[in-house]
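Fold and contact review
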Amino acid sequence: MSVEQSRAYWQDTYLFQTRTEVVATSAEPAGIAVREGIVHPKGGGQPDDVVTVDGSPASVSKDADGVVWLHPESGVAQEGSEVDVAIDPDVRRRHAALHSAGHLLDACVTPLGYRNVGLSHTPGQAFLLYDLDGGSLPEGEDEKAALVERVLERAREHVAAALAYSAEVDDEGVRRVSIENLQTDPCGGTHVRSTADLAGIAITRVRTKKGQLKLSYTAEHA
Ligand SMILES: [Zn+2]
């Protein structure tokens, strides 16, 4: 069964609500799929949006075909009916800022001789994990602080330059997200409009373990 659902969250990070048609229902667990997909499902290190359907809290899941399903606590509307789907704007903005800051920080860290091998953009536990790629692991608090300052100095320059985030889907269906003149990565998440939308970027912890560098970080939406 193919479900006609747009990935509206790929087009507009700031589309927080919509009135849209139920195009499919599921019984177990009880859920609906809607035509205009404004809800970001957990993936790529970014958590689910916080969602209501007709005012009722709804959990989120994604099936093997990439269709996003909503599971309202109040029960399931009929196929063909219209529902109001809304996401929490503050949570979306926070997720987009953390996620976008992750791309930006990675673009600042990689040229220093590290290769990204893991990440999370979850609030309170966001991190970037690196293998060495020509660089070295910082030893002691002074070297760690110096590395943080090198990274943040670059990041601050890029924020001041208001570099645009953009996305396009290539011929193979892979979505590639770019920061203007800086970096392109495959990504299915939500992003801010430009680096100027980012505030409070900080690296909160530096750990070195088993030959890897782990940078915990935080950021807010400006
Ligand atoms: Zn991304």
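Everything quoted here is computed from the prediction, not taken from an experiment.

If you trace the backbone, Asp 54 turns up in the loop between strand S3 (51–53) and strand S4 (56–62). By relative accessible area, Asp 54 is classed as partly exposed at 47%. Through-space distance from the C-alpha of Asp 54 to that of Pro 72 is 8.7 Å; in sequence the pair is 18 residues apart. Apart from the residues lying within four places of it in its own chain, the contact partners of Asp 54 are Arg 19, Val 83 and Asp 84.

With 21 residues, helix H2 (residues 89–109) extends 30 Å from end C-alpha to end C-alpha; this agrees with the ideal 30 Å at 1.5 Å per step. Burial within H2 is extensive, with 16 of its 21 residues counted as buried. For H2, the N-terminal cap is Asp 88; the gap from its side-chain oxygen to the backbone nitrogen of Asp 90 is 2.9 Å.

Okay, the sheet that holds strand S11 (residues 183–186) next. One open sheet holds the three strands; their spatial order is S9-S10-S11, and the pairing between them is antiparallel. With partners counted over all chains shown, the strands left at the sheet margins are strand S9 (165–169) and S11, one partner each. Put simply, the sheet's adjacent strands are angled 20° from each other on average, direction ignored. Bridging between S9 and strand S10 (residues 175–179) involves five bridges; their strand directions are antiparallel. Bridging across to S10, Ala 167 finds its partner in Val 177.

Note on metal sites: the ideal angle is 109.5 degrees for four tetrahedral donors, and 90 or 180 degrees for six octahedral donors. Taken together, His 99 (NE2), His 103 (NE2), Cys 187 (SG) and His 191 (NE2) make up the full set of protein donors to the zinc ion, lying 2.0 to 2.1 Å away. If you look at the zinc ion, its four donor atoms make angles of 93 to 122° with each other, and the shape they trace is tetrahedral. Sequence positions of the donors to the zinc ion reduce to the motif H-x3-H-x83-C-x3-H. A residue pair is termed long-range when its members are at least 10 positions apart, and His 103 in helix H2 and His 191 in the loop between S11 and strand S12 (198–209) qualify at 88 residues. Its relative accessible area of 8% is what places His 191 among the buried residues.

Attention now moves to unusual backbone geometry. Looking along the chain, the bond that leaves Glu 28 and enters Pro 29 is cis, with omega of 0°. Of note, Pro 29 is situated in the loop between strand S1 (17–26) and strand S2 (31–34).

One pass over the structure, following the stated rule, counts ten salt bridges. Ionic pairing is found between Arg 35 and Glu 21, a salt bridge with its closest N-O pair at 2.9 Å. Residue Arg 35 is found in the loop between S2 and S3, and its partner Glu 21 is found in strand S1; the two are separated by 14 residues along the sequence. Put simply, Asp 131 and Arg 115 hold a salt bridge, and the shortest N to O gap is 3.5 Å. On the criterion of sequence distance, the pair formed by Asp 131 in strand S8 (residues 127–132) and Arg 115 in strand S7 (residues 114–120) is long-range, its members being 16 residues apart. When its relative accessible area of 44% is taken as the criterion, Arg 115 is described as partly exposed. Three or more residues are tied together by salt bridges with common partners; here these are Glu 4, Glu 21 and Arg 35.

Mapped onto the present numbering, the UniProt feature "domain: Threonyl/alanyl tRNA synthetase SAD" (unreviewed entry) falls at residues 174–217. Regarding residues 174–217, the helix share stands at 0% and the strand share at 61%, and the terminal C-alpha atoms are separated by 27 Å.

Conventions and cut-offs
- Here the residue index of a chain counts from 1 through its sequence in written order.
- The predicted nature of this model means local features are confined to residues of pLDDT at least 70 and side-chain atom pairs, given and counted, to a pLDDT of 80 or more, with totals for whole chains, interfaces and linings taken over all residues.
- With hydrogens and water set aside, each side-chain value is computed from the structure's full complement of heavy atoms.
- Numbering of helices and strands starts at the N terminus; helices are DSSP runs of H or I of at least 4 residues and strands are runs of E of at least 2.
- Whether a residue is buried, partly exposed or exposed follows from its accessible area with a 1.4 Å probe, protein chains only, as a fraction of its type maximum: under 20%, in between, or over 50%, in that order.
- In what follows, residue pairs with any heavy atoms lying within 4.5 Å of each other are defined as contacts.
- A helix is expected to reach a length of 1.5 Å times the quantity of its residues less one.
- What qualifies as a polar contact is a pair of N or O atoms within 3.5 Å, subject to a donor-acceptor requirement within protein and to the restriction that residues adjacent in sequence count only when both atoms come from side chains.
- What makes two strands pair is DSSP finding at least two bridges between them.
- With axes taken as lines fitted to C-alpha atoms, and helix axes fitted only over the stretch in contact, angles between N-to-C directions fall between 0 and 180 degrees.
- In this description, a donor is an N, O or S atom within 2.8 Å of the metal centre, a cutoff extended to 3.2 Å for sodium, potassium and calcium. Water is not part of the atom list, which can make sites seem incomplete.
- A four-donor site is called tetrahedral if each angle lies between 85 and 135 degrees; a four-donor site is square planar, and a six-donor site octahedral, when trans pairs exceed 155 degrees and the remaining angles lie between 65 and 115; all other cases are labelled irregular.
- For salt bridges, the criterion is a side-chain nitrogen of Lys or Arg within 4 Å of an Asp or Glu carboxyl oxygen.
- UniProt positions are given in the numbering used here, feature names are shortened, and annotations may be inferred rather than shown by experiment.

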